[in-house]
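These are the residues of each chain, in order.
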Amino acid sequence: MSGNVLNEFCDEFAALCMSDQPEEKKILLGQNSLEQLLQEHSVTGEMLEKVLSNNLVLSSRLFAIDPNDITLYREPAGLFFVRILIWEAGKKYPVHDHGAWGVVGCLLNDIQETKYDRLDDQSVPNYAVLQVRSQAVLKPGETSFVLATDAGIHNMEAVDKLAISIHAYSTPVRKGFIQCYLPEKNRVEKMFPLSKRKQILAARALNSLSQVHANEGYKRILDKLDDEIKREL
Ligand SMILES: [Fe+2]
């Protein structure tokens, strides 16, 4: 039964992503579909059981950029993703944006969501000024939405008990990273999947070694890096 509910949701969300309706309409319909999926707790329970019973899953792409994120379904062509996010009680999670619009639904226990406006003109690297636009508590069964990039900067966290949410994100307009914000320090930085983060860190370290020791071998390795990593040196 639970698989059917997930299949139904995925069929509806795929149709939405491919339709030419206005984004606001897609989001509204996506939230309606997600509300049905939220009625079926066993979809999430089954995925959590898989994570606990199969170590192979741990090394797969089921884990995206957010450390508290487990991919429930990935449309084979990358048209959309359905994700479970687990919010531990008392833990702070970063303010961030998304590469796509998406719908968000609370499955278990209350979740506080804070949405932000970005006020600066983005001309200064790693600098951002945010202002709280709204705050709300999502209760089990309730849904919200995010917009792509600057229009969807938000933060979520459990109100008082471990909470679970289900998220479905449409086709990304920006791939490979999200941006995380430290509003109190007016800072913004890119956040990559863990494997990419390690490569970037290694490249930065090798670059520093290369500069200090003028090592031609290191320079040759750095020259061959792909552009995505070179941009982050
Ligand atoms: Fe988010």
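See above for the structure.
The rules behind the values
- Residues numbered from 1 in each chain as written.
- Predicted model: local features only at pLDDT ≥ 70, side-chain atom pairs only at ≥ 80, totals over all residues.
- Helix = DSSP H or I, 4+ residues; strand = E, 2+ residues; numbered from the N terminus.
- Buried ≥ 20, exposed ≤ 12 C-beta atoms within 10 Å, placed from the backbone.
- Contact = placed C-beta atoms within 7 Å.
- Pairing = 2+ DSSP bridges.
- Axes fitted to C-alpha atoms, helices over the stretch in contact; angles between N-to-C directions.
- Core = buried A, V, L, I, M, F, W, Y, C linked by C-beta atoms within 7 Å.
- Expected span 1.5 Å × (residues − 1).
- Arc of directions from axis to C-beta.

1. Focus: unusual backbone geometry
Next, step 1: Positive phi values are uncommon outside glycine, yet N126 reaches one of about 65 degrees.
Next, step 2: Inspection of the secondary structure assignment puts N126 in the loop between β5 (111-118) and β6 (130-138).
Next, step 3: By the C-beta count within 10 Å, which is 10 here, N126 ends up exposed.
Next, step 4: Phi is positive for T149, which is not a glycine, with a value near 50 degrees.

2. Observations concerning the environment of A14
Next, step 1: Mapped onto the elements, A14 comes out in helix α1 (residues 2-18).
Next, step 2: Among the residues examined, A14 registers 15 C-beta atoms within 10 Å and is labelled partly exposed.
Next, step 3: Spatially, the C-alpha atom of A14 lies 8.5 Å from that of S170, the residues being 156 residues apart in sequence.
Next, step 4: If we skip the residues at most four places from it in the chain, A14 touches E75, L79 and F80.

3. Some points on the environment of A15
Next, step 1: Positionally, A15 belongs in helix α1.
Next, step 2: For A15, a count of 13 C-beta atoms within 10 Å puts it in the partly exposed group.
Next, step 3: For the pair A15 and K26, spaced eleven residues apart in sequence, the C-alpha to C-alpha distance is 9.6 Å.

4. Some thoughts on the sheet that holds strand β4 (residues 102-108)
Next, step 1: Judged by pairing direction, the sheet is antiparallel, and its five strands sit side by side in the order β1-β2-β9-β4-β7 without closing on themselves. The sheet is open, and its two borders are formed by β1 (69-74) and β7 (143-146), each paired with just one other strand. Taking the axes of each pair of neighbouring strands and ignoring which way they run, one obtains an average angle of 25 degrees across the sheet.
Next, step 2: Inspection of the sheet shows β4 paired to strand β9 (residues 163-169) by six bridges, in the antiparallel sense. The residue of β9 that forms the bridge with G102 is Y169.
Next, step 3: Sitting on the sheet, helix α2 (residues 23-37) is in contact with β4, β7 and β9, with an inclination near 25 degrees to β4.
Next, step 4: Helix α3 (residues 41-53) rests against β1, β2 (81-87), β4 and β9 of the sheet, and its axis sits at about 110 degrees to β1.

5. As for the nonpolar core
Next, step 1: L34, L37, I111, I166 and A168 are the most contacted members of the largest nonpolar core, which totals 33 residues.
Next, step 2: Where this core is concerned, the elements lending two or more residues are α1, α2, α3, β2, β4, β7, β8 (154-158) and β9.
Next, step 3: In terms of residue count, the dominant contributor to this core is β9 (five residues).
Next, step 4: Residues V95, A128, I153 and Y181 belong to the second largest nonpolar core, which totals seven residues.

6. Here's the deal with α3
Next, step 1: Under the 1.5 Å per step criterion, the end-to-end length of α3 is 19 Å for 13 residues, consistent within 8% with the ideal 18 Å.
Next, step 2: By the burial criterion, the buried members of α3 are V43, T44 and M47. Within α3, the buried residues cover an arc of 95 degrees as seen down the axis, which keeps them to one side. In α3, the exposed residues that point more than 90 degrees away from the buried face are E49, L52 and S53.

7. Here's the deal with the environment of A128
Next, step 1: Here A128 is to be found in the loop between β5 and β6.
Next, step 2: Taking the C-beta count within 10 Å as the criterion, A128 has 23 such neighbours and is therefore assigned buried.
Next, step 3: Along the sequence, A128 and Y181 sit 53 residues apart, while their C-alpha atoms lie 7.5 Å from each other.
Next, step 4: Those residues in contact with A128, other than ones at most four positions away along the chain, are R118, D120, Y181, N186, R187 and V188.

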